[in-house]
Amino acid sequence: MSTAVISTEDDQLDPTLQNLIDQKTLRWIFVGGKGGVGKTTTSCSLAIQMAKHRKSVLLISTDPAHNLSDAFSQKFGKDARLIEGFTNLSAMEIDPNGSISELINAGGDEAQEAMAGMGGMGGMMQDLAFSIPGVDEAMSFAEVLKQVKSLSYEVIIFDTAPTGHTLRFLQFPTVLEKALEKISQLSTQFGPMLNTILGARGGLPGGQNLDDLIQKMESLRATIAEVNQQFKNPDMTTFVCVCIAEFLSLYETERMIQELSTYNIDTHCIVVNQLVFPEKDCPCARCNARWAMQKKYLDQIEELYDEFNVVKMPQLTEEVRGSEKLKNFSEMLMNPYTPSTQ
């Protein structure tokens, strides 16, 4: 049985994502699950619904496959860009496999100036700090720092990579916090020696003081610590699990929910995609057999997660691509789907 944090007091939770819209304090929403279960369609649809009720929404893909461009039939990149047809919904696609130097450059002026200013000794300290496991592969969080600092988006929704990458990504605030703390400790320890070396070289670029640079690193660490605290606050952050009614997907969902609970990240919504829902007296043996299998796992999901909002989404007859089809799909996240409407 899952030990996930439940951020609602309702005894009977509605089978929709309306609760996320109603939770006005939400700032960070992660959407994730096993590959091929409809994460991107779900995250895009949720973003569309959020944009109806929030001043500004940012949708970020941290999946190397980058399906946002395909979903909206519009090209996105590493900078936030308005989605066509919307005035308050933007999207961006981040490469989660970046180098350490890119991490520093993307992390803001504080990190860039501090590292650049410390010369060769700074490079040694950087290598030591970033030897901490998980920093290099979690590059994407550095891009998020730009959005955090600008405070220009009311809600940020992540279309995440398959489960393993997602869980490492969620560890990144803690990992980077440790890395910056290590840099800070090394800077303090070797400060006098660095001042001597830098003094012999004519000082830091722009006449900056080493103590000022260390203070900037501390400021960056404080920003990351704040975001890390927000991630663990169920009033500000939640994780939406997306799955299909099959054994492997159910297994992956349970593993992910258990992991999220160890990170103190709230999760109380599950979207089950691609349900067949055969019509009454349907003569198709394949459809009925498929539904019988799905029903078995759907019953298990509802039993396991009776304290979750479990949203049941139908298998559609055509691909969900483009804003209009996404808008139609998004309505079913808010209004329970009934087979009689097929």
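Residues numbered from 1 in each chain as written. Predicted model: local features only at pLDDT ≥ 70, side-chain atom pairs only at ≥ 80, totals over all residues. Heavy atoms only, no water.

Filter applied, for reference: UniProt positions are given in the numbering used here, feature names are shortened, and annotations may be inferred rather than shown by experiment.
The name recorded for the protein in an unreviewed UniProt entry is Golgi to ER traffic- protein, from Lithohypha guttulata. Turning to the protein, the UniProt record has this under Subunit (unreviewed entry): "Homodimer." Reading the Sequence similarities (unreviewed entry) entry of the UniProt record for the protein gives the comment "Belongs to the arsA ATPase family."

**A short note on the nonpolar core**
Test applied: Here, nonpolar core refers to any group of buried Ala, Val, Leu, Ile, Met, Phe, Trp, Tyr and Cys residues whose side-chain atoms link them within 4.5 Å. Here's how the labels work: a residue is buried when its accessible area is under 20% of the maximum for its type, exposed when over 50%, partly exposed in between, all with a 1.4 Å probe on protein chains only. In this analysis, two residues are considered to be in contact whenever any of their non-hydrogen atoms come within 4.5 Å of each other.
With 73 residues, the main nonpolar core has Leu17, Ile29, Leu46, Met50, Phe72, Ile157 and Val272 as its most contacted residues. When residues no more than four places from it in sequence are discounted, the contact partners of Leu17 are Leu46, Cys269, Val271, Val311, Leu333 and Met334.

**Considering the packing of helix 2 (residues 39-51) against helix 12 (residues 323-334)**
Heads up, the rule is: Every axis in this analysis is a line fitted to C-alpha atoms, fitted for helices over the stretch in contact. Angles between the N-to-C directions lie between 0 and 180 degrees. Counting from the N terminus, the helices are the DSSP runs of H or I reaching at least four residues and the strands are the DSSP runs of E reaching at least two. Roughly parallel covers angles under 35 degrees, roughly antiparallel covers those over 145, roughly perpendicular covers 65 to 115, and oblique covers all other angles. Each residue receives one of three labels: charged for Asp, Glu, Lys and Arg, nonpolar for Ala, Val, Leu, Ile, Met, Phe, Trp, Tyr, Cys and Pro, and polar for the others, Gly being one of them.
Running from N to C, helix 2 and helix 12 cross one another at 80°; their axes reach a closest spacing of 8 Å. The angle between the axes of helix 2 and helix 12 places the two elements in the roughly perpendicular class. Within the contact between the two elements, helix 2 uses Thr41, Thr42, Cys44, Ser45, Leu46, Ile48 and Gln49 and helix 12 uses Ser323, Leu326, Lys327, Phe329, Ser330, Glu331, Leu333 and Met334. Looking at the contact of helix 2 with helix 12 residue by residue, the class counts come to 7 nonpolar, 6 polar and 2 charged.

**Points about the UniProt feature "binding site: ATP" (unreviewed entry) in the protein**
Per the UniProt entry, the sites bearing "binding site: ATP" (unreviewed entry) are Lys34, Gly35, Gly36, Val37, Gly38, Lys39, Thr40, Thr41, Glu246 and Asn273 in this numbering. Following the sequence through the fold, Asn273 ends up in strand 7 (residues 269-275). You can call Asn273 buried: its relative accessible area is 4%. If near-sequence neighbours (up to four positions away) are discounted, Asn273 is found in contact with Val37, Gly38, Thr42, Val242, Cys243, Ile244, Ala245, Met313 and Phe329.

**Looking at unusual backbone geometry**
Of note in the backbone geometry, Ser73 takes a positive phi value of approximately 55° without being a glycine. Counting through the fold element by element, Ser73 comes out in the loop between helix 3 (68-72) and strand 3 (81-82). Despite not being glycine, Asn264 shows a phi value in the positive range, around 60°. With respect to the helices and strands, Asn264 occurs in the loop between helix 10 (247-262) and strand 7.

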